[in-house]
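What follows is each chain in one-letter form.
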Amino acid sequence: MTSDNLTFTLQPLDPAADAGLLHGWVTHPKATFWMMRDARPQDVERAYLEIAADEHHHALLGLRDGEPVFLMEKYDPAHRELVGLYEPRPGDVGMHFLVAPTGTPVHGFTRAVITAVMTHLFEDPATMRVVVEPDVDNKAVHALNEAVGFVPERVIRKPEKKALLSFCTRERFLKAVSA
């Protein structure tokens, strides 16, 4: 998939093989909102083994030139993450993404990643709307979400955080990325 002149491929995450890599990402200071800063490698592996075994939650690695550069999770919000916190609609898909830390940031890279993630989700004709629930204090991701067409609905209380429940339809996404 291509986004802003960057080409990414996606592959299923292998919890055992990829746990060490992910551990470095989720414990990095820039991953504060991922809420795994104190995780041990075995904690990361266990968390992603649970996702791999879950029919309603999937984790994928995003690669650029064969190198892992981001993590993407998609989930069914009728069964995971948001159960009881909003009224899910048919075609709703929940999403999380995490860009790998780097010592040499590339301008526009994270926006290209979220655009690629959204493109992937909307490639499935059954996806009508993408749902996100970032921490209310994660201003950087709120700006990225807005840039690709998300509209905040309301603040919700999850067990681990106060989150900004936001939605993006296919139409809003296409309009945002074509602007």
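Described below are features of the structure shown in this document.

**Concerning unusual backbone geometry**
Okay, so step 1: Backbone geometry places Asp 65, a non-glycine residue, at a positive phi of 55°.
Okay, so step 2: Given the relative accessible area of 72%, Asp 65 is considered exposed.
Okay, so step 3: Residue Glu 81 is not a glycine yet carries a positive backbone phi of 65°.
Okay, so step 4: Examined against the element boundaries, Glu 81 turns out to sit in the loop between strand E5 (67-75) and strand E6 (92-99).

**Some remarks on the packing of aromatic side chains**
For any pair of aromatic rings, the description rests on two quantities: the centre-to-centre distance and the angle between the ring planes.
Okay, so step 1: Applying the stated criterion across every chain yields a total of four aromatic pairs.
Okay, so step 2: Put simply, the rings of Phe 8, Phe 70 and Phe 109 pair up and form one aromatic cluster.

**Describing helix H3 (residues 109-123)**
Okay, so step 1: Spanning 15 residues, H3 covers 21 Å between terminal C-alpha atoms, matching the ideal 21 Å at 1.5 Å per step.
Okay, so step 2: When we look at burial in H3, the residues that qualify are Phe 109, Ala 112, Val 113, Ile 114, Thr 115, Ala 116, Val 117, Met 118, His 120, Leu 121 and Phe 122.

**Observations regarding the nonpolar core**
Okay, so step 1: By size, the foremost hydrophobic cluster in this structure holds 26 residues, and its most contacted members are Phe 8, Met 95, Phe 97, Val 117, Met 118, Leu 121 and Phe 150.
Okay, so step 2: For this core, the element with the highest residue contribution is H3, accounting for nine residues.
Okay, so step 3: With residues up to four places along the chain from it excluded, the contact list for Phe 97 reads Trp 34, Leu 71, Met 72, Thr 110, Val 113, Ile 114, Val 117, Val 141 and Leu 144.

**Re the environment of Leu 165**
Okay, so step 1: Tracing the backbone shows Leu 165 in strand E9 (residues 161-169).
Okay, so step 2: When the C-alpha positions of Leu 165 and Ala 16 are compared, they lie 32 Å apart, and in sequence the two are 149 residues distant.
Okay, so step 3: Each residue touching Leu 165, except ones within four places of it in the same chain, is listed here: Leu 82, Tyr 86, Val 131, Val 132, Val 151, Pro 152, Glu 153, Arg 154 and Ile 156.

**Structural notes on the pattern of salt bridges**
Okay, so step 1: By the definition in use, this model includes nine salt bridges.
Okay, so step 2: A salt bridge links Arg 40 to Asp 43; the shortest N-O distance between them is 2.9 Å.
Okay, so step 3: By relative accessible area, which is 43% here, Arg 40 ends up partly exposed.
Okay, so step 4: Close ionic contact of Glu 133 with Lys 161 constitutes a salt bridge, the shortest N to O distance being 3.3 Å. Here the residue Glu 133 occupies a position in the loop between strand E7 (129-132) and helix H4 (139-147), and Lys 161 occupies one in strand E9, the gap between them amounting to 28 residues. Across this residue pair, the class does not change: Glu 133 and Lys 161 are buried.
Okay, so step 5: A single salt-bridge network, built from bridges that share partners, covers Glu 81, Glu 133, Lys 158, Glu 160 and Lys 161.

**What about the pairing of strand E4 (residues 57-64)?**
Okay, so step 1: The element E4 is largely enclosed, with a buried count of six among its eight residues.
Okay, so step 2: Sheet analysis places strand E3 (residues 9-12) next to E4, joined by four bridges and oriented antiparallel. Residue Thr 9 lies in a different strand from E4, and its bridge partner there is Leu 63.
Okay, so step 3: Inspection of the sheet shows E4 paired to E5 by eight bridges, in the antiparallel sense. Within the sheet, the bridge partner assigned to Leu 60 lies in E5 and is Met 72.
Okay, so step 4: Taken together, E4 and the strand that follows it, E5, pair antiparallel across an intervening segment of two residues, in which Asp 65 is found at a positive phi of about 55°.

**Quick look at the side chain of Thr 127**
Okay, so step 1: Looking at the secondary structure, you find Thr 127 in the loop between H3 and E7.
Okay, so step 2: For Thr 127, the side chain forms a polar contact with the main-chain oxygen of Leu 121, separated by 3.0 Å.
Okay, so step 3: Thr 127 has contacts with Gly 91, Val 93, Leu 121, Phe 122 and Arg 170, leaving out every residue within four places of it along the chain.

**Quick notes on the sheet that holds E7**
Okay, so step 1: With mixed pairing, seven strands are arranged side by side in an open sheet as E3-E4-E5-E6-E7-E9-E8. Looking along the sheet, the strands with just one partner apiece sit at the ends: E3 and strand E8 (151-158). Across this sheet, the average inter-strand angle for adjacent strands is 30°, counted without regard to direction.
Okay, so step 2: Relative to E9, E7 is paired through four bridges, and the arrangement is antiparallel. Its bridge partner lying in E9, Arg 129 is registered against Thr 169.
Okay, so step 3: Helix H2 (residues 41-52) rests against E4 and E5 of the sheet, and its axis sits at about 115° to E4.

About the criteria used
- Along each chain, residues carry numbers from 1 onward, in the same order as the chain's sequence is written.
- pLDDT decides what is reported in this predicted model: residues at 70 or higher carry local features, side-chain atom pairs at 80 or more are listed and counted, and totals for whole chains, interfaces and linings draw on all residues regardless.
- Based on all heavy atoms of the structure, the side-chain values leave hydrogens and waters out of the count.
- Burial status follows relative accessibility: with a 1.4 Å probe on protein chains alone, a residue under 20% of its type maximum counts as buried, one over 50% as exposed, and anything between as partly exposed.
- Each helix corresponds to a stretch of at least 4 residues labelled H or I by DSSP, and each strand to a stretch of at least 2 residues labelled E; elements are numbered beginning at the N terminus.
- We call Phe, Tyr and Trp rings a pair once their centres come within 6.5 Å, taking the six-membered ring for Trp, and we label the pair stacked below 30 degrees between planes, edge-to-face above 60, and tilted otherwise.
- For a helix, the expected span equals 1.5 Å multiplied by the residue count minus one.
- What we call a nonpolar core is a set of buried Ala, Val, Leu, Ile, Met, Phe, Trp, Tyr and Cys residues that are connected through their side-chain atoms within 4.5 Å.
- Here, two residues are considered to be in contact whenever any of their heavy atoms come within 4.5 Å of each other.
- Any carboxyl oxygen of Asp or Glu that lies within 4 Å of a side-chain nitrogen of Lys or Arg is treated as forming a salt bridge with it.
- When DSSP locates at least two bridges between a pair of strands, those strands are taken to pair.
- Side-chain atoms alone can form a polar contact between residues adjacent in sequence; in general such a contact is a pair of N or O atoms within 3.5 Å, and within protein one must be able to donate a hydrogen while the other accepts it.
- To obtain an axis, a line is fitted to C-alpha atoms, over the contacting stretch when the element is a helix, and the angle between two such axes runs from 0 to 180 degrees between their N-to-C directions.

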